[in-house]
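Letter by letter, the chains look like this.
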Amino acid sequence: MRVPWGIGHSVAHPMPVDAAQRQEERSVRDRETIRAIYDEVAPAYAAALPDLRAEQPLDRALLRVLAEEVQEAGGDRVLDAGCGTGRMLGPLQELGLRAVGIDLSPAMLAEARSAMPGAELHVADLAELPFDDASFDGVVAWYSLIHHDASSLHDALAELARVTRDDGRLLTAFHTGTGQAPGARAYGTAHTMPKHLREPVEIADMLHRTGWATTAVIRREPVHERHPQGFVMARRRPRRSDD
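Residues numbered from 1 in each chain as written. Predicted model: local features only at pLDDT ≥ 70, side-chain atom pairs only at ≥ 80, totals over all residues. Heavy atoms only, no water.

Student: For the nonpolar core, give the residues involved together with the corresponding values.
Tutor: The nonpolar side chains of soluble globular proteins are, as a tendency, buried together. Among the nonpolar cores identified, the biggest contains 51 residues, and L63, L79, L92, F131, W142, L160 and L207 are the most heavily contacted of them. Among the elements that line this core, the one with the most residues is helix α5 (residues 150-163), at 6 residues. Among residues more than four places away in sequence, those in contact with L160 are L79, A81, L126, L129, V139, L170 and W212. Grouped together as the second largest cluster of nonpolar side chains are 9 residues, V41, Y45, L49 and M193 included. (Core = buried A, V, L, I, M, F, W, Y, C linked by side-chain atoms within 4.5 Å. Buried < 20%, exposed > 50% of the residue type's maximum accessible area, 1.4 Å probe, protein only. Helix = DSSP H or I, 4+ residues; strand = E, 2+ residues; numbered from the N terminus. Contact = heavy atoms within 4.5 Å.)

Student: Residues and numbers for the sheet that holds strand β1 (residues 77-81), please.
Tutor: What the 7 strands build is an open sheet, ordered β3-β2-β1-β4-β5-β9-β8; its pairing is mixed. Both outer strands of the open sheet, β3 (120-123) and β8 (212-220), are each paired with one neighbouring strand and no more. Mean inter-strand twist for the sheet, computed between neighbouring axes without regard to direction, equals 15°. Taken together, the 7 bridges between strand β5 (residues 164-175) and strand β9 (residues 229-236) define a ladder with antiparallel strand orientation. When the sheet's bridge partners are listed, F174 is paired in β9 with G230. Contacts from α5 reach β1, β4 (136-142), β5, β8 and β9 within the one sheet, and its direction differs from that of β5 by about 145°. Docked against the sheet, helix α6 (residues 200-208) engages β5, β8 and β9, running at close to 170° with respect to β8. (Pairing = 2+ DSSP bridges. Axes fitted to C-alpha atoms, helices over the stretch in contact; angles between N-to-C directions.)

Student: Outline the confidence of the model for the chain, supporting the account with residue identities and numerical values.
Tutor: Per-residue confidence for the chain gives a mean pLDDT of 88, with 85% of residues at or over 70. Here residues 1-15 is modelled with pLDDT under 50, and outside its nearest four sequence neighbours on either side it reaches 26 contacts, counting other chains as well. For residues 19-25, every residue scores under 50 in pLDDT, and the model assigns this stretch 4 contacts once sequence neighbours within four places are set aside. (pLDDT = per-residue confidence, 0-100.)

Student: Report on unusual backbone geometry, specifying residues and quantitative values.
Tutor: Of note, the phi angle at A134 is positive, near 55°, even though the residue is not glycine. With respect to the secondary-structure elements, A134 resides in the loop between β3 and β4. You can call A134 partly exposed: its relative accessible area is 37%. The backbone phi angle of Y143 is positive, close to 60°, even though this residue is not glycine.

Student: Give me helix α2 (residues 57-72): which residues, what numbers.
Tutor: The end-to-end C-alpha distance of α2 is 22 Å, a good match for the 22 Å that 16 residues give at a rise of 1.5 Å each. Among the residues making up α2, those that are buried are D59, L62, L63, L66, A67 and V70. Down the axis of α2, the buried side of the element spans an arc of 140°, and every buried residue falls inside it. Seen from the buried face of α2, the exposed residues on the opposite side, beyond 90 degrees, are P57 and E72. For α2, the secondary structure elements touched by its buried residues are β1, α3 (89-94), β4, β5, β8 and β9. Just past α2, the residue G74 takes up positive phi, approximately 90°. (Expected span 1.5 Å × (residues − 1). Arc of directions from axis to C-beta.)

Student: Tell me about the packing of aromatic side chains, residues and numbers included.
Tutor: Taken as a whole, this structure holds 4 aromatic pairs when the rule is applied. Ring geometry for Y38 versus Y45: centroids 6.3 Å apart, planes at 70°, classification edge-to-face. Y45 carries the same exposure label as Y38, and that label is buried. Ring plane angle 90° and centroid distance 4.9 Å describe the contact between F131 and F136, whose orientation is recorded as edge-to-face. This pair shows no difference in class: F131 is buried, exactly as F136 is. Taken together, the aromatic side chains of W142, Y143 and F231 make up a single cluster linked through ring pairs. (Phe/Tyr/Trp six-rings, centres within 6.5 Å; stacked < 30°, edge-to-face > 60°.)

Student: Talk me through the pattern of salt bridges; I want residue IDs and the actual numbers.
Tutor: Scanning the model with the defined rule gives 17 salt bridges in all. Residues D125 and R31 are paired through a salt bridge, measuring 2.6 Å at the closest nitrogen-oxygen approach. Of the two residues, D125 is situated in the loop between β3 and β4 and R31 in helix α1 (residues 17-48); the sequence distance between them amounts to 94 residues. For D125, a relative accessible area of 14% puts it in the buried group. A salt bridge links E202 to R198; the shortest N-O distance between them is 3.6 Å. According to the relative accessible area criterion, R198 is buried, its value standing at 7%. Bridged by salt links that share partners, the residues D59, R220 and E225 form one connected network. (Salt bridge = Lys/Arg side-chain N within 4 Å of Asp/Glu carboxyl O.)

Below, the structure written as structure tokens:
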């Protein structure tokens with residue numbers, strides 16, 4: 001994976017090789033588990049969340065802000081990073097954007113293809129995207145980073161920075177708090193799908209360390225959700241000439 005400038009783990013205290021390998025192995029197992037669960041719950045997910053009716057007016061307004069900023073900068077191609085069943089693709093297109101969707105789960109993408117025939121969709125890991133550098137004018141990561149631990153979140157944000165052009169925009173949404181929420185009986189199934197809770201300032205800090213400059217940090221109190229909701233907007237910092 002190509003990493004944007006200014007990104008890297010501490011040189012003074014590098015992780016031991018065996019510890020790093022164990023962490024990577026756990027991360028791979030976690031991704032495989034998440035993929036398998038979403039493959040199973042895809043029909044229930046599509047039925048429960050067919051569109052943006054579950055979002056609040058503020059949430060939808062932030063999508064409009066992202067679209068305006070992308071278009072004012074002369075762009076229109078955005079990545080729906082972790083698009084799931086594709087419920088964001090239609091709204092993004094209605095805002096005048098060319099949306100490309102990726103997801104880890106083939107079954108979730110099958111639901112997206114059914115709902116959005118002709119959409120450009122790819123099965124991919126957020127940490128290993130099948131796109132060239134600077135391929136997109138913007139990125140939406142709508143609750144798609146909630147299953148990532150700190151290490152894999154860093155890698156995902158760095159990879160999103162890689163595929164975003166200089167001054168491209170990002171909007172991410174997530175559940176706020178600390179620790180994990182158990183996520184029992186996910187989408188009416190017997191599965192438990194834990195979610196990482198993070199404060200917006202934590203996400204903003206990690207964005208800063210992975211090639212982004214934060215432009216807005218928002219924390220919304222819960223309406224029907226169990227936890228407050230967080231939103232962070234950012235722009236891609238310019239690459240160095242030797243990148």
